[in-house]
Amino acid sequence: MISEQRIFQAYYTKSEPIVSYMVDLLNLNGTETIFEPCAGDGVFIDPILKKFPDIIIDAFELNEEACEKLKVKYSGLENLSIKQTDTLTDTGLDLLCSMGGKYDAVIANPPYGAWRDSLDRATLKKKFHGFYAKESYSLFLYRCIESLREGGKLVFIIPDTYLNLNMHKDIRKYILSTTKIKEIALFPSSYFPGVNFGYANLSIIALEKSSDYESNIKNNFKLIKGYKSVNELGNNNLKHLTSLEIQQKDVLNNINHIFLINANPNVLDCIKESEIKIGDVCDCATGFYSGNDKDRLKVLSKEIRNSKRYEVVDKDKITYDCSSRPLNGIEDDKIFVPIVKGGNVKYIKPDNWFMEWSEEIVSFYKKDKKARYQNSSYYFKNGIAIPMVSSTSITGALIENRLFDQSIVGVFPKDENLTHYLLAFFNSPTCNKLIRTINPSTNNSSNYIKLIPFISPSVGDLATITENVKQIIEQTKISGDYDLNLESKNNTIIKGLYKF
Ligand SMILES: C[S@@+](CC[C@H](N)C(=O)[O-])C[C@H]1O[C@@H](n2cnc3c(N)ncnc32)[C@H](O)[C@@H]1O
């Protein structure tokens, strides 16, 4: 059963410093008409009414019970209208938005990732011009900007994922071209009392609606981060804060309109100016899933980490050498093939995991709904495996003619002579800075990897790094360890190339 909390995403903003910072950002004078699109128990309404008892507020709330409570709490207040409705589909609001909006100010903590059934999602996606409909906060943001009059102000507290996730590309473009951003504050979600959202960071964004595209893109806004406590929100002059002055045009011109919020200018310039990206010199693809790893995946021994759920492989039934690329399965009874899985190991991963790969089962994988026999033209090739999630730094390891699973992005250099160089690069601090600037979360999906700038090494550097990496791999295969000097020599050359 889906809990009420999951349906309504009713995490209330129980933090005085957050609420007062947000209300201050609206800079109200008491004559405004305000919209609260998901009022909850009225945390934003209370301080506004306290300051301006006669101010006009329209409050929407989907949850019947919460709505009844609001009606009781604010009974007798004629300047306050409370409506039980769905802000995303309310027809009155549709009409108001289509006529160019009317509100002077909107303030909200909208639901994040709110649950919707799939039919509903399809309808929403259509209604919101294809905006990503699984994540409700961006739909609220779009809807509420629409509801503002020209020059109207909006303040939202939302996760920071709209700043750089590919799926939020369209909402970024919309904000950058139809509003003037005033300020964005970034802080850990732990500042938000009581709940762990599963989101690393939250943001408070303040903006003003404007139909003047030319002046919007010339607008500069402040992006502030580095707060040490929630009480510092709004004290923008504190020395330890990082305050970036950003022009909207620059963000709009970035690939996918990403907000690059890394303060290191060399990294930013490199991402902006590089003409060749990893996606130009490599094919990037996610790997295979059996649909039922518990039965199909086997482990070398019970000593291997996370092997509890899996049976030990019959070692007489392993085909180690898959360079013949058995895409349709294996004819004889050596039906297990090595597979590279996630986990952050550099350069080379031992053969610890094996996938059932008989002809019969492979034809089943190809048809099965749960299995993912995807990107098979890359199976059993030589390339680099990058785990989709990296807890610390991004890592890369050779695939060496093995299968790779769906937690891996397989990177296949178009020029195989670059393989060892790129392996050194993906394991370097330079590459980590780049990917974490492109996407600050720990996610390395292929869409982000493709955007990493590629700088071609000189013939000499290519030869040196290739030789060092070959030695690292050799040493690792023999002893499980390698000479760290070789790695640091490579890192120095790569740092020299990229300038950071
Ligand atoms: C994250 S809570 C925030 C409540 C309040 N503004 C606060 O900050 O404490 C989101 C609220 O939105 C309501 N809600 C969820 N989906 C909604 C929708 N589609 N339309 C209107 N309200 C909705 C929930 O019931 C919940 O009260």
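What counts, and where the lines are drawn
- Residues numbered from 1 in each chain as written.
- Predicted model: local features only at pLDDT ≥ 70, side-chain atom pairs only at ≥ 80, totals over all residues.
- Heavy atoms only, no water.
- Domains from an automatic or database assignment.
- Contact = heavy atoms within 4.5 Å.
- Buried area = accessible area lost by both parts, 1.4 Å probe.
- Phe/Tyr/Trp six-rings, centres within 6.5 Å; stacked < 30°, edge-to-face > 60°.
- Helix = DSSP H or I, 4+ residues; strand = E, 2+ residues; numbered from the N terminus.
- Buried < 20%, exposed > 50% of the residue type's maximum accessible area, 1.4 Å probe, protein only.
- Lys NZ or Arg CZ within 6 Å of the ring centre and 35° of its normal.
- Pairing = 2+ DSSP bridges.

With respect to the domain arrangement of the protein
Reasoning step 1: Each domain of the protein was delimited in the assignment, giving domain 1 (4–261) and domain 2 (279–498).
Reasoning step 2: The interface of domain 1 with domain 2 comprises 8 residues on the first partner and 7 residues on the second.
Reasoning step 3: Taken together, both faces of the contact between domain 1 and domain 2 bury some 620 Å²; the carbon and sulfur share is 60%.
Reasoning step 4: The three residues of domain 1 that bury the most area against domain 2 are Asn164, Asn166 and Ile255, which together make up 54% of that side's buried surface.

A word on the packing of aromatic side chains
Reasoning step 1: Evaluated as defined, the whole model comprises 26 aromatic pairs.
Reasoning step 2: With a centroid separation of 6.3 Å and an interplanar angle of 65°, the aromatic rings of Trp357 and Tyr379 are classed as edge-to-face. Taken as a pair, Trp357 in the loop between strand 15 (353–356) and helix 14 (359–367) and Tyr379 in the loop between helix 14 and strand 16 (384–387) lie far apart in primary sequence, 22 residues in all. Like Trp357, the residue Tyr379 is buried in the burial classification.
Reasoning step 3: Centroid distance Tyr421 to Phe454: 6.4 Å. Interplanar angle 80°. Geometry classified as edge-to-face. Highlighted residues: Tyr421 in helix 15 (residues 419–426) and Phe454 in the loop between helix 17 (446–449) and helix 18 (459–479), separated in sequence by 33 residues.
Reasoning step 4: An aromatic cluster is defined as three or more aromatic residues linked by ring pairs; in this entry it consists of Phe288, Trp357, Tyr365, Tyr373, Tyr378, Tyr379, Phe380, Phe404 and Phe412.
Reasoning step 5: Looking at Lys341, its charged tip hangs above the ring of Trp353, at a distance of 4.8 Å from the centre.

So, the environment of Asn220
Reasoning step 1: The residue Asn220 is located in strand 8 (residues 220–225) in this model.
Reasoning step 2: Of the residues examined, Asn220 reaches a relative accessible area of 40% and is grouped as partly exposed.
Reasoning step 3: For the pair Asn220 and Ala39, spaced 181 residues apart in the sequence, the C-alpha separation amounts to 31 Å.
Reasoning step 4: Once residues within four sequence positions are removed from consideration, Asn220 is found in contact with Ile181, Glu245, Ile246 and Gln247.

Digging into helix 15
Reasoning step 1: In terms of burial, helix 15 is a largely internal element, 8 of the 8 residues being buried.
Reasoning step 2: Along helix 15, the positions that sit buried rather than exposed are Thr419, His420, Tyr421, Leu422, Leu423, Ala424, Phe425 and Phe426.

Some thoughts on the sheet that holds strand 13 (residues 336–340)
Reasoning step 1: With respect to topology, 5 strands assemble into an open sheet ordered 12-11-15-13-18, the strand pairing being mixed. One side of each edge strand has no neighbouring strand; the edge strands of this open sheet are strand 12 (311–312) and strand 18 (403–404).

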